[in-house]
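# Breakdown of the fold
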There are 2 protein chains.
Amino acid sequence: MSEKVKLEKKILSRNDLLAAELRDLFAKEDVAVMNMVSSPGSGKTSLLEKTLGAQSEVLSIGVIEGDIQTDNDAARIARTGVPVHQIQTGGACHLEAEMIRKALVHFSLKDLELLIIENVGNLVCPSAFDLGEGIRVSIISVTEGDDKPMKYPAMFRSADVMVINKMDLLPYTDFDVEKVIHHARSLNPEIQILKTSCRTGEGLDEWSSFVTAFTQRK
Amino acid sequence: MSEKVKLEKKILSRNDLLAAELRDLFAKEDVAVMNMVSSPGSGKTSLLEKTLGAQSEVLSIGVIEGDIQTDNDAARIARTGVPVHQIQTGGACHLEAEMIRKALVHFSLKDLELLIIENVGNLVCPSAFDLGEGIRVSIISVTEGDDKPMKYPAMFRSADVMVINKMDLLPYTDFDVEKVIHHARSLNPEIQILKTSCRTGEGLDEWSSFVTAFTQRK
């Protein structure tokens, strides 16, 4: 085993231990946690912007934004009125459990029902890093192509839900919705599917209901 | 310095040494080399598909495809008649110089004028790995949002060219072309800009001319 592979295993196993501790803490404090992963520009932040305002009237929500640089996304989320903390990874291509642990000082866990973590836009590296979440949501936009689950299998294998976003652009692409669902299910038969468009509002009620149901079920 | 940072520096400096050797080899064999980087689904392969067939009548071209899994992209390129080799990284989120060195056995360098490397779809990690290329081309599609250069600065700082792709979808998005150019140039004043659409053909002649000029200038 190479030095690099050995160190990667060590870092991952350290991350897994810390993620398990976080999972225990979230269970104890009764906080549902969602980790949102995708390529850059799939529309994760827009999906949150469109639904958080209304949901925060019925649920107590906090958001952690992960980006390499800028706090653009935190500024967008802050405008919905939901408490948000920005992690700038400064080059790191994914969030790690340790970064989440440190970010928790910015929230009062006992007052939260739902913590949403928006990961760095990257369809590869975040798949290997458990953040202690209860559910992992992978967003794919129709402009990215329907072959993405096969090309980035770890991400779709580790996700509980696949949200097919930017459905309004479907008529202008060759994206085959049935094919992407088939690909995702061939990797992960249990994966739940939602279809959304932040422009037309398609599927946003279902997305909100899903988020609420997840939070209340925990 | 942590164990992880130390090893990363060691891996990067080993990669840089090997990339420098490759660069010397490409210069000796008179091969122009282009490294294409982007998010998943920006349209790198489509851009090559649309232009390689015609260009291969005037230039001797080879293509290396980098993907985590599948050889879908190599199969698409092979249909253009251009020699192609697929690297499956098996989980690694970027190509490294060592992978390129090994792939070169599949080509006759002395017969090649242009080698195009299509990197793994990832707007983060490939930016740190020099592959010995003469030019780095970063593709961004208009559906990804005009804030991407600011959010993923290393990629746009290290690129020589930014291709704004899927221009046909511009009317259906909030993407601001002037803004993305401004952002990219604020990071990298010398960056060259091209705009393309594989659907309408917009900018494909300019892209082909650019590739030919780069190859002949070397």
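See the structure printed just above.
An account of the accompanying structure is given in this report. (Residues numbered from 1 in each chain as written. Chains lettered and ligands numbered in written order. Predicted model: local features only at pLDDT ≥ 70, side-chain atom pairs only at ≥ 80, totals over all residues. Heavy atoms only, no water.)

### Let's talk about helix α7 (residues 177-187) of chain B
Residues and elements named next belong to chain B.
- Taken residue by residue, α7 has Val177, Val180, Ile181, His183, Ala184 and Leu187 as its buried positions. Buried positions in α7, seen along its axis, are confined to an arc of 160° and lie on one side of it. Opposite the packed face of α7, turned more than 90 degrees from it, sit the exposed residues Glu178 and His182.
- Buried residues belonging to α7 abut β5 (135-141), α5 (148-151), α6 (153-157), β6 (161-165) and β7 (192-195).
- N-capping of α7 is provided by aspartate 176, with a side-chain oxygen placed 3.1 Å from the backbone N of glutamate 178. (Buried < 20%, exposed > 50% of the residue type's maximum accessible area, 1.4 Å probe, protein only. Helix = DSSP H or I, 4+ residues; strand = E, 2+ residues; numbered from the N terminus. Arc of directions from axis to C-beta. Contact = heavy atoms within 4.5 Å. Polar contact = N/O pair within 3.5 Å; in protein donor to acceptor, adjacent residues only side chain to side chain.)

### Notes on the sheet that holds β7 of chain B
Residues and elements named next belong to chain B.
- Pairing in this open sheet of 7 strands is parallel, and the strands run β3-β2-β4-β1-β5-β6-β7 from one edge to the other. Where the open sheet ends on each side, the last strands, each with one partner, are β3 (84-88) and β7. The mean inter-strand angle of the sheet, taken between neighbouring strand axes irrespective of direction, is 20°.
- Sheet topology places strand β1 (residues 32-38) next to strand β4 (residues 114-118); 5 bridges connect them, and they run parallel. The residue bridging methionine 36 from the neighbouring strand is glutamate 118, located in β4.
- Lying on the sheet, α7 is in contact with β5, β6 and β7; it crosses β6 at an angle near 160°. (Pairing = 2+ DSSP bridges. Axes fitted to C-alpha atoms, helices over the stretch in contact; angles between N-to-C directions.)

### Notes on empty space enclosed by the protein
- The full count for this structure, using the stated rule, is 1 cavity of 30 Å³ or more.
- Estimated volume of the largest cavity: approximately 40 Å³.
- Here the lining of the largest cavity is composed, by residue class, of 2 nonpolar, 6 polar and 3 charged. (1 Å grid on protein atoms, 1.4 Å probe; cavity = no way out; pocket = protein on both sides within 12 Å on 5 of 7 lines; lining within 4 Å. Points joined across faces, edges and corners; volume = space filled by probe spheres on them. Nonpolar A, V, L, I, M, F, W, Y, C, P; charged D, E, K, R; others polar.)

### Points about helix α1 (residues 3-28) of chain B
All names here are of chain B.
- Relative to the 38 Å expected for 26 residues at 1.5 Å per residue, α1 spans 38 Å between its end C-alpha atoms, a close match to the ideal helical length.
- Listed in full, the buried residues belonging to α1 are Leu7, Ile11, Asn15, Leu18, Ala19, Leu22 and Phe26.
- Immediately beyond the C-terminal end of α1, within one or two residues, lies aspartate 30, with a positive phi of roughly 60°. (Expected span 1.5 Å × (residues − 1).)

### Concerning the pattern of salt bridges
- Applying the stated rule across the entire model yields 20 salt bridges over all chains.
- Between aspartate 67 of chain B and lysine 151 of chain A there is a salt bridge whose closest N-O contact spans 3.4 Å. Residue aspartate 67 of chain B is found in strand β2 (residues 61-67), and its partner lysine 151 of chain A is found in helix α5 (residues 148-151); the two belong to separate chains. You'll find aspartate 67 of chain B and lysine 151 of chain A in the same group, each marked buried.
- Salt bridges here are not isolated pairs; linked through shared partners, they connect Glu49, Asp67, Asp73 and Arg76 of chain A together with Lys151 of chain B. (Salt bridge = Lys/Arg side-chain N within 4 Å of Asp/Glu carboxyl O.)

### Re the relation of the copies chain B and chain A
- Between chain B and chain A, the superposition needs a rotation of 180° and an axial shift of 0.0 Å, giving an RMSD of 0.0 Å. The two molecules are tied by a two-fold rotation axis, judged by turn and shift.
- Interface overlap between copies: 100% of the residues of chain B at the interface are likewise at the interface in chain A, consistent with a symmetric, same-surface contact. (Least-squares fit on C-alpha atoms with pLDDT ≥ 70 in both.)

### Focus on the interface of chain B and chain A
- At the interface, 39 residues of chain B touch 39 residues of chain A.
- Contact between chain B and chain A buries roughly 3200 Å² in total, counting both sides, with carbon and sulfur atoms accounting for 54%.
- When the buried surface of chain B facing chain A is broken down by residue, Pro40, Lys151 and Tyr172 of chain B rank first, second and third, together holding 19% of it.
- Here chain B is connected to chain A by 6 salt bridges.
- For the pair chain B and chain A, the number of links is 13 residue pairs in polar contact (both at pLDDT 80 or more).
- At the level of secondary structure, the elements contributing two or more residues to the side of chain B that touches chain A comprise α1, α3 (72-78) and α5 of chain B. (Buried area = accessible area lost by both parts, 1.4 Å probe.)

As far as function goes, none of this settles anything; it's purely spatial.
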